[in-house]
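Per-entry structural report
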Amino acid sequence: MNPLITPQSYFSEDIFKKEISQIFGNQWIFAGFLRNLKNDNDFITLEVGTQSIVVQNFKGKIKSFLNVCTHRFSKIQCEKQGNRSMTCPYHGWSYNAEGLPFGIPKKPNFGEMTKEDLQSLSLKKFDVEICGEFIFIKNASSENTVSLNEYLGDTKDILLKVSDSLGKEIDCNELEIDANWKIAVENTLEAYHISSVHPTTFKPIFGEQKVIASKGDHSYIEVDLETGFDKIQNIYSSKPFALNGYLHVFVFPNLTIASSYGASFSIQQFIPLSQGKTKFVSYVFQTILDENLLSKRDQIIVSSMNDSIVEFNRTVFSEDKYICEQVQKGAQMTSQAGILSVDEIRVLDFHKAYNKHLS
Ligand code: FES
Ligand SMILES: [Fe+2]
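Residues numbered from 1 in each chain as written. Chains lettered and ligands numbered in written order. Predicted model: local features only at pLDDT ≥ 70, side-chain atom pairs only at ≥ 80, totals over all residues. Heavy atoms only, no water.

Here's the deal with the pattern of salt bridges
For side chains of opposite charge, pairing can occur when their charged atoms come near one another. Scanning all chains against the criterion turns up 16 salt bridges. For the salt bridge of Glu-98 with Lys-63, the shortest nitrogen-to-oxygen distance reads 3.7 Å. With Glu-98 in the loop between strand S6 (94-95) and strand S7 (101-103) and Lys-63 in strand S4 (residues 61-66), the pair connects residues that are 35 residues apart, well separated along the chain. Of the charged contacts, one joins Glu-174 and Lys-279 as a salt bridge, the two residues approaching to 3.5 Å between their closest N and O atoms. One end of the pair, Glu-174, is in strand S10 (residues 166-177); the other, Lys-279, is in strand S16 (residues 277-287), and 105 residues separate them in sequence. Classification of Glu-174 as partly exposed rests on a relative accessible area of 36%. Each of Lys-80, Glu-174 and Lys-279 takes part in salt bridges that share partners, so that together they form one network. (Salt bridge = Lys/Arg side-chain N within 4 Å of Asp/Glu carboxyl O. Helix = DSSP H or I, 4+ residues; strand = E, 2+ residues; numbered from the N terminus. Buried < 20%, exposed > 50% of the residue type's maximum accessible area, 1.4 Å probe, protein only.)

This is the structure in structure tokens:
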């Protein structure tokens, strides 16, 4: 099968700008988790391309804006996550849930400010929709009117099921990968590289592929695992997500969710920073588990399972980072188109979705 993306699209600045505008500026993108925005003034920020975006709780309403003060352009929320009113750190302008400046220190010194003046100084809006624990945002001025529900289609059910199963967060691993975001995404969409890139981590446990399906722009795969989990599965008998083996879900363009047996969930966010740089954030969650009902021995087993999942993930992702960076270098040296096998069908599906949204 022929790929539908040229090597040039992995390093061209012009194509990158087009992607930021037509994909990341026009589609629903995964921004973060609802659990981090439970309280008034809780916020998260994310950098996409050259933009910083803030998602914040305003007395229970989750809103999202370009994180740039309209007075003289300071970032408003300067941390990745926190609890702070929407107040610019430079001269103290405060913004309300509509993005309007409502607290302007020494306001009379600006002369008369009409309602229209204030309106023109409001923050650029992003739409917010939430599916379970997953917060998605979309540029409010985009022409795309598809609801998140419609966009997710059948994948919505998996996101809701995963949301109901997420227990405590046991890791957050941020990597900057010197590779285009599409290289990093494509790498997660095929198991063909497992023998070469993950010979001591993934390869020994990765079993037979059971289900592989494309769902519109999104896709998922289910695989058997050979880990000996059956010996300890009774500890996890109350886990809400029934899964025999490994599940990997991709939500176009920047979210992947993997689970082993429904006992743990590994969730990744891909954030394009430039044509050759991607921020990769990987969260690991334990399934919901009432640890107080477990014996001391079982609690120790769960704790050591968690440690080994975190270590496993961190090793696997550092192996992936290395190979993605080699692909990035190579893509800049060739004009040959490459080729895909049936094992790489989800990469082809990704190319189709990418081309659909880009044109
Ligand atoms: S730049 Fe934000 S208040 Fe001045
Ligand atoms: Fe990998």
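Don't stop here, the text continues.
Describing the pairing of strand S13 (residues 246-251)
With 6 of 6 residues buried, S13 is to be regarded as a mostly interior element. Side chains Tyr-246, His-248 and Phe-250 project from S13 onto one buried face, and the interleaved Leu-247, Val-249 and Val-251 project onto a second face that is buried too. In the sheet, strand S12 (residues 218-225) pairs with S13 via 5 bridges, with the strands oriented antiparallel. Paired with Tyr-220 across the two strands is Val-249, which belongs to S13. Pairing between S13 and strand S14 (residues 255-260): 6 bridges, direction antiparallel. Bridged to Leu-247 within S14 is Ser-259. A loop of 3 residues connects S13 with S14, the two strands running antiparallel in sequence. (Pairing = 2+ DSSP bridges.)

Description of the sheet that holds strand S2 (residues 42-48)
Pairing is antiparallel in the open sheet, where 7 strands are placed in the order S1-S9-S8-S4-S3-S2-S5. Looking at which strands have only one partner, the edges of the open sheet turn out to be strand S1 (29-33) and strand S5 (81-83). Adjacent strand axes in the sheet meet at a mean angle of 30° when their direction is disregarded. Relative to strand S3 (residues 51-58), S2 is paired through 6 bridges, and the arrangement is antiparallel. (Axes fitted to C-alpha atoms, helices over the stretch in contact; angles between N-to-C directions.)

Structural notes on unusual backbone geometry
The omega torsion of the bond from Phe-252 to Pro-253 falls at 0°, within 30 degrees of zero and hence cis. Structurally, Pro-253 is set in the loop between S13 and S14. Unusually for a residue other than glycine, Lys-59 sits at a positive phi of about 45°. With respect to the helices, strands and loops of the structure, Lys-59 is situated in the loop between S3 and S4. Taking the relative accessible area as the measure of exposure, Lys-59 reaches 74% and is therefore exposed. The backbone phi angle of Tyr-261 is positive, close to 60°, even though this residue is not glycine. On the secondary structure map, Tyr-261 appears in the loop between S14 and strand S15 (264-274).

Section: the coordination of the iron ion (ligand 2)
Protein-derived ligands of the iron ion (ligand 2) are His-193 (NE2), His-198 (NE2), Asp-320 (OD) and Asp-320 (OD), with the metal-ligand distances lying across 2.1 to 2.6 Å. With 4 donor atoms in place around the iron ion (ligand 2) and angles of 54 to 151° between them, the coordination shape is irregular. All donors of the iron ion (ligand 2) come from a single chain, and their spacing in sequence reads H-x4-H-x121-D. By relative accessible area, which is 13% here, His-193 ends up buried. (Donors = N, O, S within 2.8 Å, 3.2 Å for Na, K, Ca; no water. Tetrahedral: all angles 85-135°; square planar, octahedral: opposite > 155°, others 65-115°.)

Digging into the packing of helix H1 (residues 13-22) against helix H8 (residues 345-358)
Taken N-terminus to C-terminus, the directions of H1 and H8 make an angle of 80°; their axes are 10 Å apart at the nearest point. Viewed along their axes, H1 and H8 adopt a mutual orientation that is roughly perpendicular. On the side of H1, the interface is formed by Ile-15, Lys-18, Glu-19 and Gln-22, while H8 contributes Tyr-354, His-357 and Leu-358. Here the contact of H1 with H8 is built from residues that sort into 3 nonpolar, 2 polar and 2 charged. (Parallel < 35°, antiparallel > 145°, perpendicular 65-115°, else oblique. Contact = heavy atoms within 4.5 Å. Nonpolar A, V, L, I, M, F, W, Y, C, P; charged D, E, K, R; others polar.)

As for the nonpolar core
Judged by nonpolar contacts, the single largest core of 91 residues is most densely connected at Val-55, Phe-134, Phe-136, Val-162 and Ile-267. Those residues in contact with Phe-136 that sit more than four places away from it in its chain are Trp-28, Ile-29, Phe-30, Ala-31, Asp-127, Val-128, Glu-129, Leu-148, Leu-152, Leu-159, Val-251 and Leu-255. By size, the runner-up hydrophobic cluster in this structure holds 16 residues, among which are Val-54, Cys-69, Ile-76 and Tyr-95. (Core = buried A, V, L, I, M, F, W, Y, C linked by side-chain atoms within 4.5 Å.)

That is the geometry; function is a separate question.
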